[in-house]
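# Analysis of the macromolecular model
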Amino acid sequence: MEVCIAYLRGKPIMLELRDGIAYLDNEPQPIKYLDEEKLQEFSDSIRAIPYSADPGYEALVNSKRAAFIVTLIGSAVGEECVSRLTHILDHVHYDVLEYLGETGEEDA
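As the structure is a prediction and not an experimental result, all values here were calculated from the model.

On to the pattern of salt bridges. This model, assessed by the stated rule, comprises five salt bridges. Here Arg18 ties to Glu16 by a salt bridge, and the two come within 3.2 Å at their closest N and O atoms. Note on Glu16: relative accessible area 18%, which makes it buried. Its salt-bridge partner being Arg84, residue Asp25 comes within 3.8 Å of it at the nearest N-O pair. Highlighted residues: Asp25 in the loop between β3 (21–24) and β4 (27–29) and Arg84 in helix α3 (residues 79–100), separated in sequence by 59 residues. For Arg84, a relative accessible area of 25% corresponds to the partly exposed category. Salt bridges here are not isolated pairs; linked through shared partners, they connect Lys11, Asp25, Glu27 and Arg84.

What follows is the structure, encoded as C-alpha cells:
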C-alpha cells in the first residue's frame, strides 16, 4: 500500500510498505511499528473528508497528514530519518498555518 503524506513544491511525497519495510519516495526508512493497518487507517481518514474546492479542505487534509507524520517521527530510528520526516512536517504544518493566517507574514 502506498499513501501520499505530503506535497513539497507540488510533488507528492509517497510512503509505502514493502515486505514490512517503510519506503519514503522509494528510499527505505527505519520506521518501527508501521504496518498495513496503520497506513490504511491514515488513508481512510483522508478519504473520509468530503472533497471541496475550498482552501479549508487542503488545510484539514494537511492537519491529518501532520498528525500522522508526528506518529512516524515517534517511531523513526536514526537522525537522518527523523530529520527527513521533520522537514516534511515543517512544510505540511506551514501550509496549515498559512490557511489559518498564522505565519507571521501578515504583519510584515
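Next up on the list: the side chain of Ser75. Here Ser75 is to be found in helix α2 (residues 55–75). The buried category is assigned to Ser75, whose relative accessible area is 15%. Apart from residues lying up to four places away in sequence, Ser75 is in contact with Pro30, Ile31, Lys32 and Tyr33.

Each value, and the rule that gives it
Residues numbered from 1 in each chain as written. Predicted model: local features only at pLDDT ≥ 70, side-chain atom pairs only at ≥ 80, totals over all residues. Heavy atoms only, no water. Salt bridge = Lys/Arg side-chain N within 4 Å of Asp/Glu carboxyl O. Buried < 20%, exposed > 50% of the residue type's maximum accessible area, 1.4 Å probe, protein only. Helix = DSSP H or I, 4+ residues; strand = E, 2+ residues; numbered from the N terminus. Contact = heavy atoms within 4.5 Å.

Worth remembering: the numbers are spatial, not functional.
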